[in-house]
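Okay, here's what each chain looks like letter by letter:
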Amino acid sequence: MLLVHPDGSSFRFDPGALCLELLPTGGPGRLAYFEVLHGPEDLVRWAGESRLPGGLDLTVSPAEVPAARRLRDALWRLAEAHVSARPPGADDLATVNDAAAHPPLTARLTVEGAREWAAGATGTGLLSTVARDAVDLFTGAYSHRVRTCGADNCRLLFVDTSRPGRRRWCSMERCGNRHKVRAHRARLTTADGD
């Protein structure tokens, strides 16, 4: 996915899971600065840019937007607690579990052997699908590979699905490259001082 910072800069970011793709749309506390879910059209746009297969005809009501923000904020706190080996907050667990309890988006197989979405997709179904993805992520085989970017000033979370399991950065294009530049400058400064 392409993330665009409020300052206009952009970079590619693959968080590795649908539920973690929702996080960069804003968040609790200081992360509210990045808020992009203001109306139904914003949630529809996010779904179209997410890892969900295309062709989703989604209807989102104005009331489903605050629900999306509540779920996203709960996912931020749950993921950060998970990475830090802290117990999850009861309210955050309830938010995710309540969202997951609704019917999810439904995929269907067509006569041609293609995948399509069943009619009647709603924001509530989308949020259920995201919440169920979170349940699968935090209880599944890659739960120990949910990580925070290694940069000091980046809070982005991702699932390290690389084979060796050594991914450190949200994006090599952004934080990884910045780290390499700083390390190179440090080596040059050290070499000049010798």
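Relevant structure appears above.
Parameters at a glance
- Residues numbered from 1 in each chain as written.
- Predicted model: local features only at pLDDT ≥ 70, side-chain atom pairs only at ≥ 80, totals over all residues.
- Heavy atoms only, no water.
- Helix = DSSP H or I, 4+ residues; strand = E, 2+ residues; numbered from the N terminus.
- Buried < 20%, exposed > 50% of the residue type's maximum accessible area, 1.4 Å probe, protein only.
- Contact = heavy atoms within 4.5 Å.
- Areas by Shrake-Rupley, 256 points an atom, 1.4 Å probe, with all protein chains shown as cover.
- Lys, Arg positive; Asp, Glu negative; His and termini not counted.
- Charge placed at Lys NZ, Arg CZ, Asp CG, Glu CD.
- 1 Å grid on protein atoms, 1.4 Å probe; cavity = no way out; pocket = protein on both sides within 12 Å on 5 of 7 lines; lining within 4 Å.
- Points joined across faces, edges and corners; volume = space filled by probe spheres on them.
- Nonpolar A, V, L, I, M, F, W, Y, C, P; charged D, E, K, R; others polar.
- Expected span 1.5 Å × (residues − 1).
- Axes fitted to C-alpha atoms, helices over the stretch in contact; angles between N-to-C directions.
- Parallel < 35°, antiparallel > 145°, perpendicular 65-115°, else oblique.
- Left-handed = near helix turned anticlockwise from the far one by under 90°.
- Arc of directions from axis to C-beta.

Chemist: Hey, could you go over the overall build of the protein chain for me, with residue numbers and the actual values?
Modeler: When helices and strands are tallied, the protein chain shows six helices and eight strands. Expressed along its principal axes, the backbone C-alpha trace of the protein chain runs to roughly 70 × 40 × 35 Å. For the protein chain, buried positions account for 41% of its 194 residues. The long-range fraction of contacts in the protein chain, counting pairs at least 24 apart against all pairs at least 6 apart in sequence, stands at 56%. For the protein chain, the accessible area works out to roughly 11000 Å², and carbon and sulfur atoms hold 52% of it. Within the protein chain, one finds 25 positive and 23 negative side-chain charges whose respective centroids are separated by 7 Å.

Chemist: I'd love a proper account of the environment of Arg77, names of residues and values included.
Modeler: Residue position: Arg77 is located in helix 3 (residues 64-83). What makes Arg77 partly exposed here is its relative accessible area of 36%. Taking the C-alpha atoms as reference, Arg77 lies 9.2 Å from Gly27; in sequence the two are 50 residues apart. Not counting the four nearest positions on each side in its chain, Arg77 is found in contact with Pro28 and Asp92.

Chemist: How would you explain the layout of surface pockets if you had to name every residue and give the values?
Modeler: Put simply, the largest pocket is a space of about 780 Å³. Contributing to the lining of the largest pocket are 28 residues, with Leu3, Val4, Pro24, Thr25 and Phe34 lying nearest its centre. Of all the elements in the fold, those that place two or more residues in the lining of the largest pocket are strand 1 (2-4) and helix 2 (40-49). The greatest single-element share of the lining of the largest pocket, amounting to four residues, is contributed by helix 2. Per-class residue counts for the lining of the largest pocket are 16 nonpolar, five polar and seven charged. Among the secondary structure elements, those contributing two or more residues to the lining of the second largest pocket are helix 3, helix 4 (90-100) and helix 5 (123-139).

Chemist: Can you lay out helix 3 for me, pointing to particular residues and giving the numbers?
Modeler: Between the first and last C-alpha of helix 3 there are 28 Å, a value that for 20 residues agrees with the 28 Å anticipated at 1.5 Å per step. Just beyond helix 3, the residue with positive phi is Ala85, at close to 60 degrees.

Chemist: So what about the packing of helix 3 against helix 4? Which residues, and what values?
Modeler: For the pair helix 3 and helix 4, interaxial distance at closest approach is 9 Å and the crossing angle is 130 degrees. In this view, helix 3 runs oblique relative to helix 4, as classed from their interaxial angle. As helix 3 packs across helix 4, the resulting crossing turns out to be left-handed. Two secondary-structure elements touch here, helix 3 through Arg70, Leu71, Ala74, Leu75, Arg77 and Leu78 and helix 4 through Asp92, Leu93, Thr95, Val96 and Ala99. When the residues that make up the contact of helix 3 with helix 4 are grouped by side-chain class, the tally is seven nonpolar, one polar and three charged.

Chemist: Tell me about helix 2, and please be specific about residues and values.
Modeler: Among the residues of helix 2, Asp42, Leu43, Trp46 and Ala47 are the ones counted as buried. Along helix 2, the residues classed as buried sweep out an arc of 140 degrees about the axis, all on the same side. Residues of helix 2 that are exposed and point over 90 degrees away from its buried face: Gly48 and Glu49. Considering only its buried residues, helix 2 is in contact with helix 1 (18-21), strand 3 (58-59), helix 3 and helix 5.

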